[in-house]
Structure formats: structure tokens, C-alpha cells
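Structure assessment
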Amino acid sequence: MSNHRLRLNDGYSIPQLGLGIWQVPAATTADTVSAALRMGYRLVDGAAIYGNEEGQGEGIRNSGIPQDDIFVTTKIWNNDQGYESTLRAVDASLDRLGMASVDLCLIHWPSPAQDRYLDSWRALIRAREAGKVRSIGVSNFMPSHLERLVEETGVVPVLNQIELNPRLQQAELRALHDRMGIVTQSWTPLGQGRSFDAAPVQAAAARTGKTPAQVILRWHVQLGASVIPRSTRAAGLAENLDIFGFALTAEEMAAMATLDEGVRCGPDPITFA
Ligand code: NAD
């Protein structure tokens, strides 16, 4: 089991490794979540838009692991941005999860065209005061969005969940996070497998006896990020959990840095509405 945790700027902490459940079918989410938790996962990354919050909650309850030991994340979808609508969305997520509160709630995308993320942020601050969410953060925020939140509200997000993988290494944004005290969390950490055959990944895999996926997940850990790979297979879940018993050398980390192409798998946060 992995008990590696990262400190958040509000005094709480988050497991460094978690299970992502985007595109996990609603009908099988509870089983996947329970299986992962029994294996040692302690963080489940969900979102209203994934359509499987009921299964996320059910899987946590079925796992036999005390809910207090499990870190639960959900996210506010773009259509729910705005003050009142975000407050309603928090309540709706809690209803679907069957929980009185979550550990972390994120604004899923800045959606600059709507220009409502400040109101959504104020609502999350309110939800935190009301005890419905313990920590609050954002996802897919660019530097200007992060800086505006802090200028207008004085409240720094605990975390920014961003696309991060060997082809999109986000060095500038990670450095800004470090300066602001924001944890970086990597989504699509395996980059759709597009770097599995790259020479630095293959060389580190050969030296350590690990798989390309494990090498890449280990690279995230050594960047200091929290990472939330998704797998629905027992073998995949176990493989992705087993990344704390080996380390990449400084040379291997430097070789990984050469894979950055600045290419996204997912949407551009500036234009995604
Ligand atoms: P991922 O990088 O976790 O990759 C998942 C894919 O890789 C699946 O096809 C899976 O079968 C395969 N895979 C998993 N483990 C493997 C292994 N060991 N070897 C080979 N293949 C393996 O991608 P993801 O699901 O897109 O991202 C992870 C999580 O990030 C999501 O589930 C979700 O929780 C979150 N996410 C957030 C956002 C956002 O906007 N905030 C966007 C996308 C994803």
C-alpha cells in the first residue's frame, strides 16, 4: 500500500497516488473503486461529469476501509459555474456520492468564455466554510486564472489538476505552482501510451525491471506531482500502485525531460468552454 502523501497549503495532505475514474462505466465503477481501495489506493478522483459518482461512493462504502482513510475528490462541471449553481452542484455531488462532505472539490475547467470562475471559487470558499468540502482547488487553470483567483479572493487553491505527461511536461506552470504553494496533480499521466516506446522510458524500464507505465508514473512522483492513473484491470491497478520501491536516477530524469513536445492529448484550457 502507498502511504506517500503531499502536504496541502491548508494544512491537510493528499495521497501522492490515486485512482482516476473518468470513462469507468457507471455500472462497474463501484467494483473498480472497491478493488483499488482493497489493493491499497487511498485517493479516488471523480467528477460530476464522469457520471459515476454513485459508484464512486458505493465502491468506497463497499471496500470495508474507513471512509476517513480515503481521500475523495469531485469537480464542478462547466455548466454549473457561477455562485448559486456551484453551491447547488456541490450538494448534488454529495447526494450522489452519499456523503456529507468530500476531501477536495475542484473547478473542473476555467472556461474563460463564461468568465464565472471567480463566482464559482467564492462558492467553493463558502462550501468549505459550511463543512461540505474540506479542501478546495482547481483544474486546468492557466497562470492568469490562478493569479486572478488569488488577487480577488486571497484564497490560494490547494491544487491544480492539469494534463501532464512526458509529451506535455508543463515546466513553467509547475514552477508557478511551487512559488504559489499549489500542488500539481497530473491527469492523463500515461499520455495515451504515446511515450511507452521512447528510448529514455525503455532504458529506465530495462534498468529497473519495471514497465514503461511504471517508469512514467515514477517520473511524476519524482517531479513532486500527485498522479491519478486509471485502470479497470486488477493487474493494471496493481502495476500502477507499485511505483514507490524504485527510483529514477538524475540522468534518467534528465533524459525524460527531452521528451517534452508541448503537445496536448486533451482540450486547450483557454478555449474549452
Ligand atoms: P491515464 O493516463 O490514466 O491512462 C488511462 C489509459 O491507460 C487506459 O486506457 C488504461 O487502460 C491504460 N493503462 C492504465 N494503466 C496502464 C498500464 N500500467 N500499462 C498500460 N496501459 C495502462 O488517462 P486518463 O484516465 O485520461 O487520466 C487519469 C485520470 O485523470 C482520469 O481517470 C480522471 O480522473 C483524470 N482526468 C482529469 C481531467 C481534467 O480535466 N481534470 C481530464 C482527464 C482525466
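Refer to the structure printed above.
Report on the accompanying structure. (Residues numbered from 1 in each chain as written. Predicted model: local features only at pLDDT ≥ 70, side-chain atom pairs only at ≥ 80, totals over all residues. Heavy atoms only, no water.)

To continue, consider the overall build of the protein. The helix and strand tally for the protein stands at ten helices and ten strands. On C-alpha atoms alone, the protein measures out to a radius of gyration of 18 Å, which is about the 19 Å that the 2.2 N^0.38 rule sets for 273 residues. Taken over the C-alpha atoms alone, the protein extends approximately 55 × 40 × 30 Å along its principal axes. Looking at the protein as a whole, 55% of its 273 residues are labelled buried. Sequence-distant contacts, at least 24 apart, represent 74% of the contacts inside the protein between residues at least 6 apart. With the model as given, the accessible surface of the protein reaches about 11100 Å², and the carbon-plus-sulfur share is 48%. Counting 25 positive and 30 negative side-chain charges, the protein places the averaged centre of each group 2 Å from the other. (Helix = DSSP H or I, 4+ residues; strand = E, 2+ residues; numbered from the N terminus. Rg over C-alpha atoms; globule rule 2.2 N^0.38 Å. Buried < 20%, exposed > 50% of the residue type's maximum accessible area, 1.4 Å probe, protein only. Contact = heavy atoms within 4.5 Å. Areas by Shrake-Rupley, 256 points an atom, 1.4 Å probe, with all protein chains shown as cover. Lys, Arg positive; Asp, Glu negative; His and termini not counted. Charge placed at Lys NZ, Arg CZ, Asp CG, Glu CD.)

For the rest of this paragraph, the subject is the side chain of Thr-86. Among the secondary structure elements, Thr-86 is positioned in helix 3 (residues 83–97). Reaching out from Thr-86, the side chain makes a polar contact with the backbone oxygen of Asp-80 at a distance of 3.1 Å. With sequence-adjacent residues up to four places away left out, Thr-86 is seen in contact with Ile-76, Asp-80, Gln-81, Ser-120, Ala-123 and Leu-124. (Polar contact = N/O pair within 3.5 Å; in protein donor to acceptor, adjacent residues only side chain to side chain.)

With respect to spatial proximity, 22 residues lie near the ligand, and among them Asp-45, Ser-139, Leu-190, Arg-230 and Asn-240 are the closest. A distance of 2.9 Å is found between an oxygen atom of the ligand and a side-chain nitrogen or oxygen belonging to Thr-188. Note that an oxygen atom of the ligand is positioned 2.8 Å from one of the backbone N or O atoms of Leu-190. The fraction of the free accessible surface of the ligand (830 Å²) that becomes covered by protein chains is 82%. Here the shell around the ligand is composed, by residue class, of eleven nonpolar, eight polar and three charged. (Near = heavy atom within 4 Å. Nonpolar A, V, L, I, M, F, W, Y, C, P; charged D, E, K, R; others polar.)

Another aspect to go through is helix 3. Compared with the 21 Å implied by 1.5 Å per residue over 15 residues, the 21 Å span of helix 3 between its first and last C-alpha is a close match. Buried within helix 3 we find Ser-85, Thr-86, Ala-89, Val-90, Ser-93, Leu-94 and Leu-97. Its buried side turned inward, helix 3 meets helix 2 (53–62), strand 5 (71–76), strand 6 (102–107), helix 4 (117–129) and strand 7 (133–139). Following helix 3 by one or two positions, Gly-98 adopts a phi angle in the positive range, close to 75°. (Expected span 1.5 Å × (residues − 1).)

Another point: the sheet that holds strand 8 (residues 159–163). With parallel pairing, the eight strands of this open sheet are ordered in space as 3-4-5-6-7-8-9-10. Both outer strands of the open sheet, strand 3 (19–20) and strand 10 (226–227), are each paired with one neighbouring strand and no more. The pairing of strand 4 (residues 43–45) with strand 5 spans three bridges and is parallel. Across the sheet, residue Leu-43 finds its bridge partner in strand 5, namely Phe-71. Against the sheet, helix 6 (residues 171–180) engages strand 8 and strand 9 (183–187), with an angle of about 175° to strand 8. (Pairing = 2+ DSSP bridges. Axes fitted to C-alpha atoms, helices over the stretch in contact; angles between N-to-C directions.)

On to the pattern of salt bridges. A full pass over the atoms with the stated rule returns eleven salt bridges. Between Glu-129 and Arg-126 there is a salt bridge, and its shortest N-O distance comes to 3.3 Å. Highlighted residues: Glu-129 and Arg-126, both in helix 4, separated by three residues, approximately one helical turn. With relative accessibility at 38%, the residue Arg-126 sits in the partly exposed group. Each of Asp-119, Arg-122 and Glu-152 takes part in a single network of salt bridges with overlapping partners. (Salt bridge = Lys/Arg side-chain N within 4 Å of Asp/Glu carboxyl O.)

Most of strand 5 is tucked away, with six of its six residues classed as buried. Side-chain alternation along strand 5 places Phe-71, Thr-73 and Lys-75 on one buried face and Val-72, Thr-74 and Ile-76 on a second face that is also buried. Between the parallel pair strand 4 and strand 5, the chain is carried across by helix 2, and the sense of this crossover is right-handed. Direction of pairing for strand 5 relative to strand 6: parallel, over a ladder of four bridges. Paired with Thr-74 across the bridge in strand 6 is Cys-105. Note that the unit made of strand 5, helix 3 and strand 6 has a crossover that is right-handed. (Right-handed = clockwise from strand over helix to strand, strands pointing away.)

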